[in-house]
Amino acid sequence: MEAKKDRQFYTYAFPPEKMILESGAELGPVTVAYETWGNLTEKKDNAILLAHAFTGDSHVTENLKKGEEDKQVRPGWWEFMVGPGKGIDTDKYFVICANILGSCMGSTGPGSPAPDTGKPYGLDFPMVTIGDMVDTQKALLDHLGIQQLHAVIGGSVGGMQVLEWSVRYPEMVRCAVPIATTMRHSALAIAFNEIARQSIMADPNWNNGNYYDTGKKPDMGLAVARMIGHVTYLSDEAMRRKFGRRLQDKETFSFGFDVDFQVESYLRHQGNKFVARFDANSLLYITKAADYFDVVARMNHSGPVNNRDQNIIKYLVISYTSDWLYPTYQAKELIRTLKRSGQDVSFCEIEADCGHDAFLIPDERLTHLIGGFLDGVD
Amino acid sequence: MGLTENIRFDLQIIGSIIRPGSKVLDLGCGNGDLLAWLEKNKNIRGTGIEQNEERAACCIARGLSVLQGDLNEEVDDYPDCSFDYVILSQTLQQVFEPAKLLHSLARIGGKVIVSFPNFSHYSIRAQLFFKGIAPRSDQLPYSWYDSPNIRVITLKDFRKFSRDVGYTIVRETAINTNPQNHMGHVVRFLTDLRATYGIFVIEKQHE
């Protein structure tokens, strides 16, 4: 096993050969921030691409060695799943995770300097789509010399990227694992995203997206946006269990607008924590990309039906019983579509009461499921 | 060399019927023993449907393609003739609308293999005749009030049912199994009385 590499960067699409986005706009140069774990075989046939959820980044795991457990590090978002001997075994697979286009964790986004002015793009950054994000990942794989992926795996907005991969570059995907995701947003999901966007845009510090050199960021709006998001990632049961109606550091109500309940304190804490690490404009762009995402028609046409010569991808679809952002009925729609088009599909609805975020919470069942599935792919 | 000794006797019989290299759908596939055997020994392309999360997850972790879901609903989504064989092994007795399900199965598969416990076995007849109680057996081990088996079927019933809903029985195997192990044998005489299970291969009649 090779020790983890630090975050790396790949920059391409230098002007005049800019990247052409799905909207028709041009963007360049484009930088992709990524990390890798494990070793690529000589035949380059053991690569797994992980797609992170929307406010995540390329930091999947620290992959600590024995004896390093108490090292001061920033844990990754899938620490329990990825590593030597784990569900996604870095002794077998070469795991890659790239930060998505439009984000603020090293890949090009609205906070990156525009080449002509040297100042952050702000709202001059073109609208990007899930397809555009996938295209930057494809460019990265080309750069790494990888022609086919053993698997592409991701949850939530990461799951959308998985589906986009399987319709955009089906010949490059042997198996696909979309988790807690959907072929397109429901009105409910769009509604929550719109509330998040409005809360940012209503913050006077947002200043039409030009806040990078003013010294004042739309922190309040961004924190509220995160609070809304956080509620949609949990479930009624999870919140009842975690907080109930318990009061925060007090015996009685304050009869004011300070924090009374633990859940209020928790949301404020989550909001403030988020402000320190995420860019408000990135949230605007990425939520819009998720809202625009719709692979229904292309999924319907993706399959071989009765033509055995065409590419068949092995899918593992996973949903969670208490996910109300992308409920199981949406996973079932995906399965129906895959069955009709003759794809090889497995599905498991995992019983969990912790809501949409369940795939980020350590769970033996998920580890076992994904590990076995990956090993079963030729 | 086969691994027949590792799966239940009724599954061995079903396994022996399947042509190598075919596409198979196993309804109510449990832990996937039959599918795994068929993939290993007959090089089939298989899919299973299983309601129980734990069992479905176990199948997927074994590398099998399995959908967690209700078989009555899941079969509707497949295009016509998606499979060479559809297997309904020891599940018919729990199906709410058997005629409707068999109709769907004939649509999505070439041959349908159905197996079920035979309710006209002499031990069952004897319980009803001599003791006057709702029979229980190793194959149907539940009391009348907590049984998942909402139908009791005899070999004769199934032959008539197949005819009535428009199927041809292309093969019928009656077997007697030992519930203590995976062994069993084929019953050739007095099958209606002596068989614990019936295994039928049926096909939709051509107009």
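For the structure itself, look to the data block above.
Residues numbered from 1 in each chain as written. Chains lettered and ligands numbered in written order. Predicted model: local features only at pLDDT ≥ 70, side-chain atom pairs only at ≥ 80, totals over all residues. Heavy atoms only, no water.

Enquirer: Lay out helix α1 (residues 9-17) of chain B with the relevant residues and their values.
Expert: All names here are of chain B. Burial within α1 is extensive, with eight of its nine residues counted as buried. Along α1, the residues classified as buried are F9, D10, L11, Q12, I13, I14, G15 and I17. Taken together, the buried residues of α1 touch α2 (33-41), β4 (83-89), β5 (109-117), β6 (167-177), β7 (184-187) and β8 (197-204). (Buried < 20%, exposed > 50% of the residue type's maximum accessible area, 1.4 Å probe, protein only. Helix = DSSP H or I, 4+ residues; strand = E, 2+ residues; numbered from the N terminus. Contact = heavy atoms within 4.5 Å.)

Enquirer: Report on the side chain of N118(B), specifying residues and quantitative values.
Expert: All names here are of chain B. Looking at where N118 falls in the secondary structure, it is placed in the loop between β5 and α6 (122-131). Reaching out from N118, the side chain makes a polar contact with the side chain of S120 at a distance of 2.8 Å. Look past the residues within four positions of N118 in its chain and what remains in contact with it is I124, I153, T154, L155, T191, D192, A195, T196 and Y197. (Polar contact = N/O pair within 3.5 Å; in protein donor to acceptor, adjacent residues only side chain to side chain.)

Enquirer: Which residues make up unusual backbone geometry, and what values do they have?
Expert: Residues and elements named next belong to chain A. In the segment running from P15 into P16, the intervening peptide bond is cis, with an omega of 5°. Locating P16 in the fold gives a position in the loop between β1 (8-12) and β2 (19-20). For the bond from G28 to P29, the omega torsion is -5°, close enough to zero to count as cis. Assignment of secondary structure puts P29 in the loop between β3 (26-27) and β4 (30-37). Non-glycine residue F255 carries a positive phi angle of around 50°. The topology assignment puts F255 in the loop between α5 (236-242) and α6 (262-277). Of the residues examined, F255 reaches a relative accessible area of 75% and is grouped as exposed.

Enquirer: Give me the pairing of strand β5 (residues 47-51) of chain A: which residues, what numbers.
Expert: All names here are of chain A. Here β5 lies mainly inside the structure; five of its five residues are buried. Here β5 shows a buried face lined by A47, L49 and A51 and a second buried face lined by I48 and L50. The sheet contact formed by β5 and strand β8 (residues 94-98) spans four bridges and is parallel. Within β8, the position partnered with L50 by the bridge is C97. Sheet topology places β5 next to strand β9 (residues 149-155); four bridges connect them, and they run parallel. For L49, the partnering residue across the bridge sits in β9 and is V152. (Pairing = 2+ DSSP bridges.)

Enquirer: An account of empty space enclosed by the protein is requested, with residue identities and associated values reported.
Expert: Residues and elements named next belong to chain A. Inspection of every chain in the model, using the stated rule, returns one cavity of 30 Å³ or more. Forming the walls of the largest cavity are 19 residues, and the residues nearest its centre are F54, N193, T232, Y233 and L325. A per-element tally of the lining of the largest cavity places helix α4 (residues 219-233) first, with six residues. Across the lining of the largest cavity, the residue classes break down as twelve nonpolar, six polar and one charged. (1 Å grid on protein atoms, 1.4 Å probe; cavity = no way out; pocket = protein on both sides within 12 Å on 5 of 7 lines; lining within 4 Å. Points joined across faces, edges and corners; volume = space filled by probe spheres on them. Nonpolar A, V, L, I, M, F, W, Y, C, P; charged D, E, K, R; others polar.)

Enquirer: Can you explain the nonpolar core? Please cite residues and give values.
Expert: Grouped together as the largest cluster of nonpolar side chains are 106 residues, with contacts concentrated most on I96(A), W165(A) and L105(B). Grouped together as the second largest cluster of nonpolar side chains are 62 residues, I350(A), L366(A), F373(A) and Y85(B) included. (Core = buried A, V, L, I, M, F, W, Y, C linked by side-chain atoms within 4.5 Å.)

Enquirer: Could you give me a rundown of the pattern of salt bridges, with the residues and numbers involved?
Expert: Residues and elements named next belong to chain A. According to the stated counting rule, one finds 29 salt bridges over all chains in the structure shown. Taking the shortest distance from any N to any O, the salt bridge between D260 and K250 comes out at 3.2 Å. In this pair, D260 is assigned in the loop between α5 and α6 and K250 in the loop between α5 and α6, connecting sequence segments ten residues apart. Under the relative-accessibility criterion, D260 is labelled buried at 8%. Within this structure, E22, D135, E164, R168 and R298 form a network of salt bridges that share partners. (Salt bridge = Lys/Arg side-chain N within 4 Å of Asp/Glu carboxyl O.)

Enquirer: Quick one: what's the story with the packing of helix α10 (residues 364-375) of chain A against helix α3 (residues 53-61) of chain B, residue by residue and with numbers?
Expert: Direction vectors running N to C along α10(A) and α3(B) enclose 35°, while the axes themselves pass 7 Å from each other. Across from R365(A), H368(A), L369(A), G372(A) and F373(A) in α10(A), the residues of α3(B) making contact are E53(B), A57(B), I60(B) and A61(B). Partitioned by chemical class, the residues of the contact of α10(A) with α3(B) number five nonpolar, two polar and two charged. (Axes fitted to C-alpha atoms, helices over the stretch in contact; angles between N-to-C directions.)

Enquirer: Outline the layout of surface pockets, supporting the account with residue identities and numerical values.
Expert: Residue and element names in this part refer to chain B. Size it by volume and the largest pocket reaches roughly 1100 Å³. Along the wall of the largest pocket there are 45 residues; nearest its centre are R8, G28, S89, Q90 and T91. Put simply, the parts of the chain that give the lining of the largest pocket at least two residues each are α1, β1 (23-27), α2, β2 (45-50) and α4 (71-74). The dominant element in the lining of the largest pocket, judged by the number of residues it contributes, is α1, at three residues.

Enquirer: Go over the environment of Y233(A) with me, naming the residues and quoting the values.
Expert: Residues and elements named next belong to chain A. Looking at the secondary structure, you find Y233 in helix α4. For the pair Y233 and G355, spaced 122 residues apart in sequence, the C-alpha to C-alpha distance is 5.9 Å. Beyond its immediate chain neighbours, meaning those up to four positions away, Y233 contacts F54, R226, L325, C354, G355, H356 and D357.

Enquirer: How would you explain the interface of chain B and chain A if you had to name every residue and give the values?
Expert: Opposite the 17 residues of chain B that make contact, chain A presents 23 residues. Of the roughly 1800 Å² buried between chain B and chain A, counting both surfaces, carbon and sulfur atoms make up 48%. Taken together, the links from chain B to chain A amount to five salt bridges. Residue E53(B) pairs with R365(A) through a salt bridge whose shortest N-O separation is 3.5 Å. Summed over the shared surface of chain B and chain A, the result is eleven residue pairs in polar contact (both at pLDDT 80 or more). Ranked by residues supplied to the side of chain B that touches chain A, first place goes to α3(B) with four residues. (Buried area = accessible area lost by both parts, 1.4 Å probe.)

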